[in-house]
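Breakdown of the fold
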Amino acid sequence: MSSTTTADHHDEHHDHGPQKGLARWLFTTNHKDIGTLYLWFSLIMFFVGGFMALIIRAELFQPGMQIVDPMFFNSMTTMHAIVMIFGVVMPAFVGLANWMIPMMIGAPDMALPRMNNWSFWIMPFAFAMMLGTLFTDSGGPAGGRTLYPPLVLQGGDSFAFVVFAIHFMGISSVMGSINIVATIFNMRAPTMPLMKMPLFVWTWLITAYLLIATIPVFAGAVTMLLTDRYFGTSFFNAAGGGDPVMFQHIFWFFGHPEVYILILPAFGVVSQIIPTFARKPLFGYASMVYAT
C-alpha cells in the first residue's frame, strides 16, 4: 500500500505530461516533431531562396541595369545557391529521414534524441547570421556559391559571418548524420538485416557517411579562407607562396560528393514510392543497394 502511495505522490509532482505550445517545439526530442520542424524550415527557406531567384530574373529581364546594383546582384546569386542547397534540399531530406527512418527500421525514436533537437535548432541561427549580412555596411557575400578566392576575399567584413554560418550549417549536418548512422546500426528491429532495409534507409546511410567525410574538409577550406582574409596567411594567395587553385581541389572534395548528398535521398524516395503504387516489389534490390 505504502509503495503505491509513494508512486502516486511522485507522479503528482513530476508527471506534467507533454509540453504545450512553444516549449513543445523548442525542447522536443520526438523524431516526428523534429522532422516536421525541418520540413517547415525547408519550406520557409524555399520562399526566401525563391525570392532571391525572382530578383535575379527580374534584373536579367532586359539588358542593362534595372533594379539592383551589380554587387547586390552577385550577393543574390551567391546566397540563393547557399540557401537552396543548405537551407532547402538538405533540411527537407533530413526532415524526411527523421520522420521515416525510425518507423522504417522499427525503432521507437532516433538514437540520440537530444542531439537531434540541437542539430535542428542550430540551422535557423546559422541562416539568420548569413542572411543578416545583407544588412551590414559591406553587404552579403558576392563571390559566387563556390566561394573561390581571390574574388571572395575582396568582399567586406561580412565575410567572417558567412564563414561562421557555413560552419554552423556543417555542424548541424554532421550531427544529424551521426544520429542517422547510429540509429540505423543500433536500433533496427532484430529481424531486419542490412539487406532487408528499405532503400530510403540505405540511401540515407550512404548520404550520412558522405556528409561525415566531406563537411569537415569544406569547413577546413572556409577556415583557410578566413585566415587568409584576417590573419595574414597565404594558403590561396600566390604572392605569399599559396595557390588559388588549391582551394578548388579542397572545395570539390566536398562539392562533388555534395551532389550525391542531394540526389541519393531522392533516389531512395522514388525507390519507395514506385514499388508501393505499382503494387510490385522493387526489381533488383541488391543491385540498387550496391549502385548506391
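Just so it is clear, the structure is predicted and the values come from calculations on it, not from any experiment. (Residues numbered from 1 in each chain as written. Predicted model: local features only at pLDDT ≥ 70, side-chain atom pairs only at ≥ 80, totals over all residues. Heavy atoms only, no water.)

Moving on, we get to the overall build of the chain. The helix and strand inventory of the chain stands at 9 helices and 0 strands. Order of helices (α) and strands (β) in the chain, N terminus to C terminus: α-α-α-α-α-α-α-α-α. C-alpha atoms of the chain, sized along the principal axes, occupy 80 × 55 × 45 Å. A total of 292 residues make up the chain; the buried ones form 44% of that total. Within the chain, contacts between residues at least 6 apart in sequence are counted, and of these 77% link residues at least 24 apart. Per element, the accessible surface of the chain, about 15400 Å² overall, is 71% carbon and sulfur. Mean positive and mean negative side-chain charge positions of the chain (11 and 13 charges, respectively) differ by 17 Å. (Helix = DSSP H or I, 4+ residues; strand = E, 2+ residues; numbered from the N terminus. Buried < 20%, exposed > 50% of the residue type's maximum accessible area, 1.4 Å probe, protein only. Contact = heavy atoms within 4.5 Å. Areas by Shrake-Rupley, 256 points an atom, 1.4 Å probe, with all protein chains shown as cover. Lys, Arg positive; Asp, Glu negative; His and termini not counted. Charge placed at Lys NZ, Arg CZ, Asp CG, Glu CD.)

This part covers the pattern of salt bridges. A side chain of one charge can pair with a side chain of the opposite charge if their charged atoms are brought near each other. Overall, the coordinates contain 2 salt bridges when judged by the stated rule. For Arg24, the salt bridge identified is with Asp33, shortest N-O distance 2.8 Å. Taking the relative accessible area as the measure of exposure, Asp33 reaches 11% and is therefore buried. With a shortest N-O distance of 3.5 Å, Arg229 and Asp157 are connected by a salt bridge. Taken together, the residues span a long stretch of sequence, with Arg229 in helix H7 (residues 199-230) and Asp157 in the loop between helix H5 (113-132) and helix H6 (159-186) at a distance of 72 residues. (Salt bridge = Lys/Arg side-chain N within 4 Å of Asp/Glu carboxyl O.)

In this fold, Asp33 is placed in helix H3 (residues 31-59). For Asp33, the contacting residues outside a window of four places in its chain are Arg24, Trp25 and Thr28.

Here the focus is the environment of Asp69. Mapped onto the secondary structure, Asp69 falls in the loop between H3 and helix H4 (70-105). Given the relative accessible area of 39%, Asp69 is considered partly exposed. Here Met71 takes part through its backbone nitrogen, which lies 3.2 Å from a polar atom of the side chain of Asp69. (Polar contact = N/O pair within 3.5 Å; in protein donor to acceptor, adjacent residues only side chain to side chain.)

Turning to the environment of Ala53, a few remarks are in order. Mapped onto the elements, Ala53 comes out in helix H3. A relative accessible area of 22% places Ala53 in the partly exposed class.

All right, on to the packing of aromatic side chains then. Evaluation of the coordinates by the stated rule reveals 16 aromatic pairs. Taking 6.1 Å as the distance between ring centres and 85° as the angle between the ring planes, the aromatic pair formed by Tyr148 and Phe247 counts as edge-to-face. Of this pair, Tyr148 sits in the loop between H5 and H6 while Phe247 sits in helix H8 (residues 244-278), placing them 99 residues apart in sequence. The exposure class assigned to Phe247 is buried, which follows from its relative accessible area of 0%. With centroids separated by 6.1 Å and ring planes inclined at 70°, the aromatic side chains of Phe251 and Phe254 adopt a geometry described as edge-to-face. In this pair, Phe251 and Phe254 are both assigned in helix H8, 3 residues apart and thus about one turn of the helix distant. Residue Phe251 shares its accessibility class with Phe254, and that shared class is buried. Each residue in the set Phe86, Tyr148, Phe218, Phe235, Phe236, Phe247, Phe251, Trp252 and Phe254 is aromatic and connected to the rest through ring pairs, giving one cluster. Between Arg229 and the ring centre of Tyr230, over which it is positioned, the NZ or CZ distance is 4.9 Å. (Phe/Tyr/Trp six-rings, centres within 6.5 Å; stacked < 30°, edge-to-face > 60°. Lys NZ or Arg CZ within 6 Å of the ring centre and 35° of its normal.)

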